[in-house]
Amino acid sequence: MTDSSIRPLTKLNQQNEVYQRLPHVDLQIGEALALSVTQLEARVRVPKGEDGHLQEEALVYLLRHARFTSRPALEDVVASALLDRCSGYLNHWFRSLSDDDSLAASSEVWERLAMKLVASDDRGDFYQVRFWLGFQRLATTVFNETVKKINELSVERAREWDDPADELGDEAESRSASVDRAAEEDAEAFLSEKVAARLAEALAQIKEPYREAYILRFGEGWPIESTDGSGFSISDHFGRTPRTISTWLVKAREAIDKWLEEQS
Amino acid sequence: MNEQTRDQRLEDILDAFMAETPSPHAGHVAAWVRRYPEFRQEIMDFAASWAVLERLPEKRNTVTDKKVRERGLAVFQRLREASATGAAEASEPITGLVPVGATLSALAQRAGLTPAFWRALDRRLVNNVPSQIVAVIATTIGSSVAAVDQYLAGPPRLAGKVLYSSSEQPVLGEKTDFFDRVRRDLNLPEDRRAYLLSLEAATPDDHSAGGLEP
């Protein structure tokens, strides 16, 4: 049974239907609204899987409720619980960034998340329906922006590879062909968990933008060049010629080979 | 589409993208790029970051979960303090419940009321408005609970464009009880009416009386 005093969501999804919280989230909200702040403080610590656990979607509702009814003590309890639950994930997602970049990106995620969760309109409704998905999307967006800033310099440096024929001539063609063959094996390796872990270690040694190009090509199967007019390709993503991307892939594979050789 | 609307739409699309696709593999990304060609570049950029995030090895920096949490706490606290300051500013008397540029029907719909009901609230013809509804009104017009409370407590006011003869005293109307108006408003959907009437059973300060006391 749903508590009729719980405010319904109003935001529309891509199918133009109003987002709906899951019924058990509504039940959790109803139960939580009947608690004192002290009781709620204990309740938010109930671990997942145990009776009385409050899902993050319910916490988002409670945070908004606290904000719009001016209950700072309640707001602190709920915000604190959300931070406890999310910090580890965020730290893990930003594991590849430097200390400074990781903390700056984390702050940015918190800022955007908090603004959404307490927005006076319904832009945060999604977080009452699929919290973790929204949170991961937000973190990925911020990661994307952070890496873009970091990469601006490295992509500039990579410009020297814009015309590989000039740089490497026929040699580039032949190296590219052999790298393609080796990389096809990598595409298989991405599928094997054990080999993928080793490959991930190797990828960590590669500089951007070579690494990203390599992951997209052989990890996710993106085409180097768009052939169907959709404008979807690694070349379109980076805004560089297909030939440049091919050269980046050569560089990436050579860096992997070098690292593997050093390891053996 | 203005920039803010575009950004919001992009976020909605990316939320749906992540919800509906298991990975940023080429086939999935291509389908979404075809579906939303106006966001082609953004979808590709996002999917590329998703791929990189998933493929990278274990931790390379020394940041602890505690440090990340501290950053979050600082943000939430700052926003709460800013809100308190903003609320104080927003507590400046407001002049109505229909902000410039907003329409009566859109405001009413967002708040789950009828346009006639919202007009009555705007004219301060309703008393005993439950705190939950005051909060909804404040959220809807981007003001504070205190400012809305203060506004509703004022005397009835004339509708914006009422014309009357200078020899006649304008009729302002009398305040009516919120729940009586809910019962009389035939345009309210039944489920909404039931919800609004359920607030009557609670004490005037429902949520604080029922729980979650500060």
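Calculation criteria
Residues numbered from 1 in each chain as written. Chains lettered and ligands numbered in written order. Predicted model: local features only at pLDDT ≥ 70, side-chain atom pairs only at ≥ 80, totals over all residues. Heavy atoms only, no water. Helix = DSSP H or I, 4+ residues; strand = E, 2+ residues; numbered from the N terminus. Buried < 20%, exposed > 50% of the residue type's maximum accessible area, 1.4 Å probe, protein only. Contact = heavy atoms within 4.5 Å. Areas by Shrake-Rupley, 256 points an atom, 1.4 Å probe, with all protein chains shown as cover. Salt bridge = Lys/Arg side-chain N within 4 Å of Asp/Glu carboxyl O. Nonpolar A, V, L, I, M, F, W, Y, C, P; charged D, E, K, R; others polar. Axes fitted to C-alpha atoms, helices over the stretch in contact; angles between N-to-C directions. Parallel < 35°, antiparallel > 145°, perpendicular 65-115°, else oblique. Left-handed = near helix turned anticlockwise from the far one by under 90°. pLDDT = per-residue confidence, 0-100. Phe/Tyr/Trp six-rings, centres within 6.5 Å; stacked < 30°, edge-to-face > 60°. 1 Å grid on protein atoms, 1.4 Å probe; cavity = no way out; pocket = protein on both sides within 12 Å on 5 of 7 lines; lining within 4 Å. Points joined across faces, edges and corners; volume = space filled by probe spheres on them. Polar contact = N/O pair within 3.5 Å; in protein donor to acceptor, adjacent residues only side chain to side chain.

**What to know about the overall build of chain B**
Consideration 1: Helix and strand counts for chain B stand at eleven helices and two strands.
Consideration 2: Listed by position from the N terminus, the elements making up chain B come as α-α-α-α-α-α-β-α-α-β-α-α-α.
Consideration 3: In chain B, which comprises 214 residues, the proportion classed as buried is 43%.
Consideration 4: Once local pairs closer than 6 in sequence are excluded, the contacts in chain B between residues at least 24 apart make up 59%.
Consideration 5: Only carbon and sulfur atoms are counted for the fraction: they give 52% of the accessible area of chain B, which is about 11100 Å².

**Things to note about the interface of chain B and chain A**
Consideration 1: Tallying the contact residues gives 75 residues for chain B and 87 residues for chain A.
Consideration 2: Viewed at the interface, chain A and chain B are joined by eleven salt bridges.
Consideration 3: The residue A:Asp236 makes a salt bridge to B:Arg40 at a minimum N-O spacing of 3.8 Å.
Consideration 4: Elements with a contribution of two residues or more to the side of chain B that touches chain A: α1 (3-20), α2 (26-35), α3 (40-55), α4 (65-90), α7 (131-141), α10 (190-201) and α11 (206-210) of chain B.
Consideration 5: Ranked by the residues each element gives to the side of chain B that touches chain A, the list is headed by α3(B), at 14 residues.
Consideration 6: Here the side of chain B that touches chain A is composed, by residue class, of 34 nonpolar, 18 polar and 23 charged.

**Some details on the packing of α7(B) against helix α8 (residues 145-152) of chain B**
How two helices sit against one another is set out by the angle between their axes and by the gap between those axes.
All names here are of chain B.
Consideration 1: In contact at an axis separation of 8 Å, α7 and α8 are set at 110 degrees when each is read in the N-to-C sense. When the axes of α7 and α8 are compared, the pair comes out roughly perpendicular. Judged by the twist between their axes, the crossing of α7 over α8 is right-handed. The segment α7 lies against α8, with Val 134, Ala 135, Ile 137, Ala 138 and Ile 141 engaging Val 145, Val 148, Asp 149 and Leu 152.
Consideration 2: Here the contact of α7 with α8 is built from residues that sort into eight nonpolar, no polar and one charged.

**Examining the confidence of the model for chain B**
Residue and element names in this part refer to chain B.
Consideration 1: Averaged over every residue, the pLDDT of chain B is 79; residues scoring 70 or more account for 79%.
Consideration 2: Taken element by element, chain B is modelled with least confidence in α11, mean pLDDT 37, and with most confidence in α2, mean pLDDT 94.
Consideration 3: Within the model, pLDDT remains below 50 along residues 161-165, and this stretch shows two contacts once partners closer than five positions in the same chain are excluded.
Consideration 4: Low pLDDT, under 50, characterises residues 203-214; the stretch is placed with 37 contacts to residues that sit more than four places away or in other chains.
Consideration 5: Scoring of the predicted complex yields 0.67 for pTM and 0.81 for ipTM.

**Observations regarding the packing of aromatic side chains**
Consideration 1: Evaluation of the coordinates by the stated rule reveals 21 aromatic pairs over all chains.
Consideration 2: Ring centres of A:Tyr89 and A:Trp93 lie 6.1 Å apart, and the angle between their planes is 40 degrees; on these two criteria the pair is classed as tilted. You can see A:Tyr89 and its partner A:Trp93 sitting in helix α4 (residues 72-93), four residues apart, about one turn around the helix.
Consideration 3: A:Tyr89 gets classed as partly exposed once you look at its relative accessible area, which sits at 46%.
Consideration 4: Under the relative-accessibility criterion, A:Trp93 is labelled buried at 13%.
Consideration 5: When the ring of B:Phe17 is compared with that of B:Phe46, the centres are 6.2 Å apart and the planes differ by 70 degrees; the resulting orientation is edge-to-face. Highlighted residues: B:Phe17 in helix α1 and B:Phe46 in helix α3, separated in sequence by 29 residues.
Consideration 6: Overall, B:Phe17 belongs to the buried group, its relative accessible area being 0%.

**Digging into empty space enclosed by the protein**
With a probe scaled to a water molecule rolled over the atoms, the places where space remains empty come into view.
Consideration 1: All chains considered together, the criterion is met by one cavity of 30 Å³ or more.
Consideration 2: Here the largest cavity defines a volume of roughly 360 Å³.
Consideration 3: Considering the residues around the largest cavity, the lining is formed by 24 residues, among which A:Arg7, A:Tyr61, A:Arg64, A:Phe68 and B:Val136 are closest to the centre.
Consideration 4: Listed by contribution, the elements that provide at least two residues to the lining of the largest cavity are α3 (56-68) of chain A together with α7 of chain B.
Consideration 5: Counting residues per element, the lining of the largest cavity draws most heavily on α7(B), at five residues.
Consideration 6: Classifying every residue of the lining of the largest cavity gives seven nonpolar, ten polar and seven charged.

**Some details on the side chain of B:Ser23**
Consideration 1: With respect to the element layout, B:Ser23 can be found in the loop between α1 and α2.
Consideration 2: The buried category is assigned to B:Ser23, whose relative accessible area is 19%.

**Quick word on the side chain of B:Arg124**
Residue and element names in this part refer to chain B.
Consideration 1: Inspection of the secondary structure puts Arg 124 in the loop between α6 (115-122) and β1 (126-127).
Consideration 2: Of the polar contacts made by the side chain of Arg 124, one reaches the backbone oxygen of Tyr 151; its length is 3.3 Å.
Consideration 3: Among the polar contacts listed, one links the side chain of Arg 124 to the backbone oxygen of Pro 155, at a separation of 2.7 Å.
Consideration 4: Not counting chain neighbours up to four residues away, the residues in contact with Arg 124 comprise Tyr 151, Leu 152, Gly 154, Pro 155, Pro 156, Arg 157 and Lys 175.

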